[in-house]
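# Per-entry structural report
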Amino acid sequence: MARKAAGRPQEETLSLWKREQALLKTLVVDRDTEAWQRDLAFSGLQRVGGVDVSFVKGDSVSACASLVVLSYPELEVMYEDCRMVSLTAPYVSGFLAFREVPFLVDAVQQLREKEPRLMPQVLFVDGNGVLHHRGFGVACHLGVLTDLPCIGVAKKLLQVDGLENNALHKEKIRLLKGGGDSFPLMGGSGTVLGMALKSHDHSTKPLYVSVGHKMSLEAAVRLTHGCCKFRIPEPVRQADIRSRDYIRRTLGVQGAPALRPERSKKAQRPKACPQGASEEPAGSPSLRAFSAKDGNEPHQKKWPKLQQRIWGRGKEALWEDLVTKCNSIHQGGAGHPPQ
DNA sequence: GCGACAG
DNA sequence: ATCTTGTCGC
């Protein structure tokens, strides 16, 4: 049953979402925090992850959320998790995370509980990081909520803060010589928001890389290039391929029985496949926030407690924290829990 | 009414 | 995001 698309959220909802972004943005770390990130060969890096959400064609609610983990530098799939979910929030440019991130956080949490040894050391996210309307794209959002280093990789330039896909921009793209070449994307404020990267020698369209969390832009661009067999970084590409395959195998057998569900050839076989409950309530709350009363410096040791605050409490308690924190950031009024 | 619009 | 076959090029 193809369900109807959710309409555009109320202005009040968007305003609350903006506040949540402003709150969580204070927790973003935009520098290298891990030793391997500073190493020229990324020695010490063994697992890179990718996430994606694919959709059922005539349906704007049913989707497949996937998390894959690949070995580095071999880029072979060691873990795959695909599960059907029911999206609640509609897609609104600038608020992609509110539509997809709850399910991605769930996937990371599942891995953390069931196969902690396979936890990726960095996550590639389909979408932007700080290259965003309010400097807090989906890659930052997922990074802060999971505490994992994240890299935002977008396929199209998000035209914000003066950035334009105009003739000059196109000319700069044309001048990129070989794979690994890049140029900075400078926002109106003079800040470098991201880099346009030619991900391999024969790629015409660049990738738009920006910092998600716990990683410098330089390392993010270098690693992105190091993970590209094709234009799209392999972790995201595998997550995409596998989530689409999962949808095809799950909903495609309606009128085509007897044929054993086959896996696309582009998908290698993973070692561990926790075929998550193929159909679950999955209507998890779109709100995943916590109050941060200190800065984001000594994160390592405080994280277990923060994590508990994310997962160990009810939605209402989280909302209280959020509203309290937001009111202290801006001078705004009281908020109401989302519908 | 016109242009923009990550996924 | 998704709808879609072949086709041109290396």
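Above this note sits the structure.
It should be emphasised that the depicted structure is a prediction, and the values quoted were computed from it without experimental measurement. (Residues numbered from 1 in each chain as written. Chains lettered and ligands numbered in written order. Predicted model: local features only at pLDDT ≥ 70, side-chain atom pairs only at ≥ 80, totals over all residues. Heavy atoms only, no water.)

### A few points about the overall build of chain A
Heads up, the condition is: Every helix listed is a DSSP run of H or I at least four residues long, and every strand listed is a run of E at least two residues long, numbered separately from the N terminus. Type-normalised accessible area, obtained with a 1.4 Å probe on protein chains alone, sets the label of each residue: buried when under 20%, exposed when over 50%, and partly exposed for intermediate values. Surface exposure here means Shrake-Rupley accessible area, sampled with a 1.4 Å probe, where a residue is shielded only by the protein chains that are shown.
When you go through chain A residue by residue, the secondary structure sums to 9 helices and 8 strands. The buried share of chain A, reckoned over its 339 residues, is 53%. Approximately 16,500 Å² of chain A is accessible, and the part contributed by carbon and sulfur atoms is 52%.

### Brief notes about the protein's contact with DNA strand B
Note the threshold: We call a residue near a molecule or strand when any one of its heavy atoms sits within 4 Å of it. Side-chain atoms alone can form a polar contact between residues adjacent in sequence; in general such a contact is a pair of N or O atoms within 3.5 Å, and within protein one must be able to donate a hydrogen while the other accepts it.
As a matter of local geometry, DNA strand B sits amid 16 residues, with Y91, G94, N128, K155 and Q159 nearest to it. Sugar and phosphate atoms form 51% of the subset of DNA strand B atoms that lie within 4 Å of the protein. One of the backbone N or O atoms of N128 is found 3.1 Å from a base nitrogen in DNA strand B. Take Q159: an N or O atom from its side chain is 2.4 Å from a phosphate oxygen of DNA strand B.

### Describing the nonpolar core
This is how the line gets drawn: Definition used in this section: a nonpolar core is a set of buried Ala, Val, Leu, Ile, Met, Phe, Trp, Tyr and Cys residues joined via side-chain atoms within 4.5 Å. In this description, contact between two residues means that some pair of their heavy atoms is separated by no more than 4.5 Å.
One finds L67, L123 and L142 to be the most contacted residues of the largest nonpolar core, which totals 35 residues. Elements represented by at least two residues in this core include exactly α1 (11-25), β1 (47-55), β2 (62-71), β3 (77-86), α3 (96-114), β4 (122-126) and α4 (138-146). Excluding its chain neighbours within four sequence positions, the residues that come into contact with L123 are G49, G50, V51, L67, V108, L142, L148, P149, C150 and I151. Membership of the second largest hydrophobic core comes to 29 residues, among which are V68, I151, M195 and C227.

### Thoughts on the protein's contact with DNA strand C
To keep it simple, the criterion reads: Each residue receives one of three labels: charged for Asp, Glu, Lys and Arg, nonpolar for Ala, Val, Leu, Ile, Met, Phe, Trp, Tyr, Cys and Pro, and polar for the others, Gly being one of them.
For DNA strand C, the full set of nearby residues is S54, F55, K57, K155 and R244. Close to the protein, within 4 Å, the atoms of DNA strand C are drawn from sugar and phosphate at a rate of 100%. The residue makeup of the surface near DNA strand C, split by class, is 1 nonpolar, 1 polar and 3 charged.

### Some remarks on the packing of aromatic side chains
Short version of the rule: Here a pair means two rings of Phe, Tyr or Trp (six-membered ring of Trp) with centres within 6.5 Å. Their orientation is stacked below 30 degrees between planes, edge-to-face above 60, and tilted elsewhere. Our definition puts a charge over a ring when NZ of Lys or CZ of Arg is within 6 Å of the ring centre and also within 35 degrees of the ring normal.
According to the stated counting rule, one finds 5 aromatic pairs in the structure shown. Summarising the aromatic geometry, the rings of W17 and F95 are spaced 5.8 Å apart at their centres and angled 45 degrees between planes, so their arrangement reads as tilted. Here the residue W17 occupies a position in helix α1, and F95 occupies one in the loop between β3 and α3, the gap between them amounting to 78 residues. Classification of F95 as buried rests on a relative accessible area of 5%. Ring centres 6.0 Å apart and planes at 65 degrees place the aromatic pair W36 and F42 in the edge-to-face group. Taking the relative accessible area as the measure of exposure, W36 reaches 6% and is therefore buried. Of the aromatic side chains, those joined through ring pairs into one cluster are W17, F95 and F98. Positioned above the aromatic ring of F42 is the side chain of R222, whose terminal nitrogen or guanidinium carbon lies 4.1 Å from the ring centre.

### Observations regarding unusual backbone geometry
Going from Y72 to P73, the amide bond is cis rather than trans, its omega being 10 degrees. For P73, the position within the fold is in the loop between β2 and β3. Although it is not a glycine, F42 adopts a positive phi angle of roughly 55 degrees. Here F42 lies in the loop between α2 (35-38) and β1. For F42, a relative accessible area of 3% corresponds to the buried category. A positive phi angle, near 50 degrees, is found at D161, a position not held by glycine. Looking at the secondary structure, you find D161 in the loop between β5 (150-154) and α5 (167-174). On the basis of relative accessibility, which here comes to 38%, the residue D161 falls in the partly exposed class.

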